[in-house]
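Structural features, examined
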Amino acid sequence: MYSIAYSFSRVLLTVNETASWIIALLVAAVVLTIITAIAERVPATKVVAGIAGVGLLAVLVAGGAGADRGEREFESHRTEIPTVEVTAHNIAYDRDVIGLPADSNVEVSFTNLDVGTFHNVAIYTEDNAPVFAGKPIDHGTGLYKFKTPAAGTYRYVCDFHPGMTGELRLTQEGSSK
Ligand SMILES: [Cu+2]
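Let us look at the structure shown here. Residue numbers run consecutively from 1 along every chain, following the written order of its sequence. Per-residue local features of the predicted model are confined to residues with pLDDT of at least 70, and side-chain atom pairs are confined, for both listing and counting, to 80 or more; whole-chain, interface and lining totals are unaffected and use all residues. Side-chain measures here rest on the full set of heavy atoms in the structure, leaving out hydrogens and waters.

1. What about empty space enclosed by the protein?
To keep it simple, the criterion reads: Buried and open spaces are told apart on a 1 Å grid over the protein atoms alone, a cavity being a set of points where a 1.4 Å probe fits but cannot get out and a pocket being an open set with protein on both sides within 12 Å along at least five of seven lines. Residues with an atom within 4 Å of a point are the lining residues. Grid points are joined across faces, edges and corners, and a volume is the space filled by probe spheres set on the points. Where helices and strands are cited, they refer to DSSP runs of H or I of at least four residues and of E of at least two residues respectively, numbered from the N terminus. Any residue that is not Ala, Val, Leu, Ile, Met, Phe, Trp, Tyr, Cys, Pro, Asp, Glu, Lys or Arg is counted as polar, Gly included; the first ten are nonpolar and the last four charged.
According to the stated counting rule, one finds one cavity of 30 Å³ or more in the structure shown. As a volume, the largest cavity reaches approximately 50 Å³. Taken together, Ile98, Leu100, Val108, Val121, Ile123, Phe132, Tyr144, Phe146, Tyr156 and Leu168 make up the full set of residues lining the largest cavity. Those elements giving two or more residues to the lining of the largest cavity turn out to be strand S2 (97–101) and strand S6 (140–147). Residues of the lining of the largest cavity, tallied by class, amount to ten nonpolar, no polar and no charged.

The structure is reproduced here in structure tokens:
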């Protein structure tokens with residue numbers, strides 16, 4: 001299931017946003033048709049099919065929502081170790097959303113253009129539990145290497161400037177890395 005979900009979201013990320021939604025809707029329609037057919041023939045599977053349907057729809061919605069500029073950039077620059085670039089300038093990050101695979105070794109290339117002002121990239125759960133804290137730098141570029149936790153939505157923030165924050169979306173990949 002997760003493997004299918006990830007593959008599908010990768011397909012979404014390689015096309016433009018409008019096409020992503022059209023594909024998502026078409027796939028949703030096909031899925032619903034299949035589920036309906038199953039349910040009519042074998043009523044006993046109705047519950048299972050319903051759960052599968054809800055799960056698939058959730059994946060479609062999440063995949064569509066994730067098809068933003070940031071994640072597409074990550075895909076096009078994809079290498080052996082997934083890497084994203086984040087820049088801090090005028091006490092702000094240059095992006096609102098970062099997408100990375102869950103449960104994977106990843107790299108964040110962090111550039112601080114505010115010479116003399118410390119910034120970092122730290123990751124927290126939505127409940128504010130620390131996940132990773134990048135080493136503070138006061139100029140130039142630092143490379144943060146860490147292993148991402150389970151799939152879900154997290155927050156990234158500068159520990160020096162709480163107003164510098166964004167959303168980190170971790171999506172499940174089929175194979176372990
Ligand atoms: Cu900062």
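2. Brief notes about the nonpolar core
Basically, it comes down to this: Working definition of a nonpolar core: buried Ala, Val, Leu, Ile, Met, Phe, Trp, Tyr and Cys residues. They are joined through side-chain atoms within 4.5 Å. Relative accessibility decides the category of a residue: with a 1.4 Å probe and only protein chains considered, values under 20% of the type maximum give buried, values over 50% give exposed, and everything between is partly exposed. Any two residues having at least one pair of non-hydrogen atoms within 4.5 Å are treated as being in contact.
Ranked by size, the top nonpolar core spans 22 residues in total, and within it Tyr93, Phe110 and Leu168 carry the most contacts. Not counting residues up to four positions away in its chain, the partners in contact with phenylalanine 110 are Val86, Thr87, Ala88, Tyr93, His119, Asn120, Val121, Ile137, Gly140, Thr141, Gly142 and Tyr144.

3. Topic: the coordination of the copper ion
To keep it simple, the criterion reads: Metal-coordinating donors are taken as N, O and S atoms lying within 2.8 Å of the metal, or within 3.2 Å when the metal is Na, K or Ca; because water is left out, some sites can appear incomplete.
At this site the copper ion is bound by His119 (ND1), Cys158 (SG) and His161 (ND1), with donor distances of 1.9 to 2.1 Å. Binding-site remark: the copper ion is held by donors from one chain whose sequence spacing is H-x38-C-x2-H. Separated by 39 residues along the polypeptide, histidine 119 in the loop between strand S3 (105–112) and strand S4 (122–124) and cysteine 158 in the loop between strand S7 (152–157) and strand S8 (165–171) bring together distant segments of the chain.

4. Considerations on the sheet that holds S3
As a reminder, the rule being used: By definition, two strands form a pair when at least two bridges between them are found by DSSP. Note on definitions: angles span 0 to 180 degrees between N-to-C directions of axes, and those axes are lines fitted to C-alpha atoms, for helices only across the stretch in contact.
Taken in spatial order, the three strands of this open sheet run S1-S3-S6, and their pairing is mixed. Looking at which strands have only one partner, the edges of the open sheet turn out to be strand S1 (83–88) and S6. Along the sheet, successive strands turn relative to each other by an average axial angle of 20°, direction set aside. Direction of pairing for S1 relative to S3: parallel, over a ladder of six bridges. The residue of S3 that forms the bridge with threonine 87 is threonine 111.

5. Side note on the packing of aromatic side chains
Going by this rule: Between 30 and 60 degrees the pair is tilted, below 30 it is stacked and above 60 it is edge-to-face, where a pair is any two Phe, Tyr or Trp rings, Trp via its six-membered ring, whose centres lie within 6.5 Å.
For the structure shown, the criterion picks out six aromatic pairs. Ring plane angle 25° and centroid distance 6.0 Å describe the contact between phenylalanine 110 and tyrosine 144, whose orientation is recorded as stacked. Of this pair, phenylalanine 110 sits in strand S3 while tyrosine 144 sits in strand S6; the two residues are 34 residues apart in sequence, bridging distant segments of the chain. Taking relative accessible area as the criterion, tyrosine 144 reaches 5% and is therefore assigned buried. Between phenylalanine 132 and phenylalanine 146 the ring centres are 4.1 Å apart and the planes differ by 20°, which places this aromatic pair in the stacked class. With phenylalanine 132 in strand S5 (residues 130–133) and phenylalanine 146 in strand S6, the pair connects residues that are 14 residues apart, well separated along the chain. For phenylalanine 132, a relative accessible area of 17% corresponds to the buried category. By relative accessible area, which is 9% here, phenylalanine 146 ends up buried. An aromatic cluster is defined as three or more aromatic residues linked by ring pairs; in this entry it consists of Tyr93, Phe110, Phe132, Tyr144, Phe146 and Tyr156.

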